[in-house]
Amino acid sequence: MLRKISLAVLILLSAAIANAQISKDDFLKLVQDKQYPEAVKYIPQIQEQYLKDAKMLCAFGNVYAELDEFANATKYFQMAYKNDDENAMVARRYAMALANQQNYQEALKVIRNIIKDKPKDLYNHLTAADIYIKMDSLAEAEIAIDRARSIDKNNPAPIVTLGNLYYSKRVYELARQNYEEAIGLDSSNNEAHMNLAISYYWLATREMDKDLSNELFTRSLKEWNTVSQLDSMNAKAFFEQGKIWFFAEKYPEAATALSRFIKLRPNGSLGRWYLAESLHKLGECESAITHLLQVREEIDSIRSKATKYLSDCYISTKQYPEAKRIFAELEANNYIFDPADLRKFGQALFFSGDTTMAIQYWNKSIAMDKDQNCALMYVLGTIQSAIKQYDESNKVLKLRLETTACQNEPNLPKVYYTIGQNYLYNSQPDSAITYLTKAYELEPKNIFTLLFLGDAYVQMKDMVKGKEYYQQVVTLYKADTTLNKQAVIQSFAKQANTILENKNYNELNKLGKQWTELLPDNVFGFLYYAVSFQGLNDGDNACINYGKVLKLDPENVTAKKNRELIGCGKK
């Protein structure tokens, strides 16, 4: 039974492998269409079928060469060459692969053999020239180029190779002239356009005159654009355009070009890094995060910077637990935080639910540079006030008041207000009055300031002064009903409670009338108004107003009880 099951599994696996494979024609179509990242996936699966097929082996080598995997490229070109060493194209590919691996002597041996067999093929001589250029044997390279030109004087390829020779000497102007001459003979010569673009780039970087340098960069971009139009699958063209735009700080253009590059070369780590940086600079953090996560695992030299950008982006996208994790990783790796970093670390901690640690990092940021932390000092003081750390709150808010750079900040009235509020909650009404008075001078529309001034005087047992401020709240609201209604309700309620404690029902009746006329939709106004009538033994008016309470709040327990107590509706 076990043997039967194993056989069934093998059959299924074989079917899966067969389905994952690709025909020769379909593979070559992928290569022709320059779908190299897709094509490379199939090579390990199908290579055994084509060990004697020089064309397919050469195609395998081309795929790896395009993906800059030169060791694998050389392996397959060598296999192709062993199968067909008389094929000039195969020999040239193998020779250049060897040269790319700095195996120059073997490369020369291969190319010399094919030149001996096919001396009239100018591309054999040009490959020899390319190898000599890599070896820095420029005199021999020039001889090989001359031989190629003597075979066909109208072919632009030798002129391009001569440009390559000058380029290797860093004589970019002569290189440029040769590439332009080659384009004059064949405007569709993509290699000439590519190399001309590179020459313009290096001429631009060497040029001291800024305007001329910019013009040369523009010409380089123009040539790369021509390359991408001639060959929309040319990954290098999009990478180079993106790179130029990136270093020119033209991040939208850089991101567009580099996004195309990454589609063509998903393993292009440097291009992905430039793309991630561009997106970070543009504030497009949702897009940047994916690239940052990948590239920091691929390029050691930028890992710290990419991780820092990642922390910024997690903050920007409000992914606070992730931001907290990344900041902790940076700290563990001894990253030197600046005040902004510490501020963001605190933000990540706070919104992840760790207020205590957030406060520690915010205090570190403030200690490092208080001038740049005016807003943070206000936020921190407000938070500490909310969690009843009144002394700590006042300490940081007073530091903000003492900081010259913060004097013109828009939150200044609220700083005085919060300090006054803290003193009030700490039962220090005299100090509260000092700061609340200043807050009101700076922001007379904040009626909560008047409310708390009233509380402060009441706390000092100055009921007359307290009532004055409560009534100022009402007066301001009458003049401007766009002000905060909640402050008015509290103002009436605070007065009503004090009056009720003293059982001064006449005074409570006056206040209730004022309250219900100003805020006819507020249930508490009618409740206190009803209580005042009940205290004055005016049952009819008490019943009327308890009825109004129940219209606004049908489940109001106090109104129901008191109506029953005085017998409303029984007469």
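Let me begin by describing the structure that accompanies this report. What you see is a predicted model, and the numbers here were worked out from it, not measured in a lab.

1. Let's talk about the packing of helix H21 (residues 339-351) against helix H22 (residues 355-368)
Then step 1. Remark: H21 packs on H22, axes separated minimally by 8 Å, with the N-to-C direction vectors making an angle of 165 degrees. With respect to H22, the axis of H21 lies roughly antiparallel. For the element pair H21 and H22, the recorded crossing hand is left-handed. For the pair formed by H21 and H22, the contact residues are Pro339, Leu342, Arg343, Phe345, Gly346, Gln347, Leu349 and Phe350 on the first element and Thr355, Met357, Ala358, Tyr361, Trp362, Lys364, Ser365 and Met368 on the second.
Then step 2. For the contact of H21 with H22, the class distribution of residues is 10 nonpolar, 4 polar and 2 charged.

2. A closer look at the nonpolar core
Then step 1. Core analysis: the largest hydrophobic core is formed by 105 residues, its most contacted members being Trp273, Leu292, Phe327, Val488, Phe492 and Leu519.
Then step 2. Discounting chain neighbours no more than four positions away, the residues touching phenylalanine 492 are Val474, Leu511, Gln514, Trp515, Leu518 and Leu519.
Then step 3. Counting residues in each nonpolar core, the second largest holds 66 residues, with Ala39, Ile46, Cys58 and Leu196 among its members.

3. Some words on the pattern of salt bridges
Then step 1. Applying the stated criterion to the full structure yields 28 salt bridges.
Then step 2. The shortest N-O distance in the salt bridge between glutamate 277 and lysine 305 comes to 3.4 Å. Of the two residues, glutamate 277 sits in helix H17 (residues 269-281) while lysine 305 sits in helix H19 (residues 303-316), which places them 28 residues apart along the sequence.
Then step 3. Judged by relative accessible area, lysine 305 falls into the partly exposed class, the value being 42%.
Then step 4. For the salt bridge of glutamate 322 with arginine 325, the shortest nitrogen-to-oxygen distance reads 2.5 Å. Note that glutamate 322 and arginine 325 are positioned in helix H20 (residues 320-332) at a spacing of 3 residues, about one turn of the helix.
Then step 5. Looking at arginine 325, the relative accessible area reads 39%, which means it is partly exposed.

4. A closer look at the packing of helix H14 (residues 210-230) against helix H15 (residues 235-247)
Then step 1. Where H14 contacts H15, the two axes come as close as 9 Å, and the packing angle between them is 155 degrees. Considered as vectors, H14 and H15 are oriented roughly antiparallel to each other. Here the hand of the crossing between H14 and H15 comes out left-handed. Mapping the contact onto sequence places Phe217, Ser220, Leu221, Trp224, Asn225, Val227 and Ser228 in H14 and Lys236, Ala237, Phe238, Glu240, Gln241, Ile244 and Trp245 in H15.
Then step 2. Broken down by class, the residue content of the contact of H14 with H15 amounts to 8 nonpolar, 4 polar and 2 charged.

5. Brief notes about helix H29 (residues 485-501)
Then step 1. Helix length check: H29, at 17 residues, gives a terminal C-alpha distance of 25 Å against a target of 24 Å (1.5 Å per residue), a fit within 8%.
Then step 2. Within the span of H29, buried status applies to Ala487, Val488, Ile489, Ser491, Phe492, Gln495, Ala496 and Ile499.
Then step 3. Of the residues that open H29, the one with a side-chain oxygen 2.8 Å from the backbone nitrogen of glutamine 486 is asparagine 484.
Then step 4. Directly after H29, the chain includes lysine 503, whose backbone phi takes a positive value near 55 degrees.

6. A short note on unusual backbone geometry
A negative phi angle characterises most non-glycine residues, just as the trans form characterises most peptide bonds.
Then step 1. Positive phi, close to 60 degrees, is recorded for aspartate 68, a residue that is not glycine.
Then step 2. Relative to the assigned elements, aspartate 68 resides in the loop between helix H5 (54-66) and helix H6 (70-83).
Then step 3. In this structure aspartate 68 comes out as exposed when scored by relative accessible area, which is 55%.
Then step 4. Although it is not a glycine, lysine 388 sits at a positive phi angle of roughly 70 degrees.
Then step 5. Its place among the elements puts lysine 388 in the loop between helix H23 (374-386) and helix H24 (390-402).
Then step 6. Look at lysine 388 and you get exposed, because its relative accessible area is 63%.

Scoring rules and cut-offs
Residues numbered from 1 in each chain as written. Predicted model: local features only at pLDDT ≥ 70, side-chain atom pairs only at ≥ 80, totals over all residues. Heavy atoms only, no water. Axes fitted to C-alpha atoms, helices over the stretch in contact; angles between N-to-C directions. Helix = DSSP H or I, 4+ residues; strand = E, 2+ residues; numbered from the N terminus. Parallel < 35°, antiparallel > 145°, perpendicular 65-115°, else oblique. Left-handed = near helix turned anticlockwise from the far one by under 90°. Contact = heavy atoms within 4.5 Å. Nonpolar A, V, L, I, M, F, W, Y, C, P; charged D, E, K, R; others polar. Core = buried A, V, L, I, M, F, W, Y, C linked by side-chain atoms within 4.5 Å. Buried < 20%, exposed > 50% of the residue type's maximum accessible area, 1.4 Å probe, protein only. Salt bridge = Lys/Arg side-chain N within 4 Å of Asp/Glu carboxyl O. Expected span 1.5 Å × (residues − 1). Polar contact = N/O pair within 3.5 Å; in protein donor to acceptor, adjacent residues only side chain to side chain.

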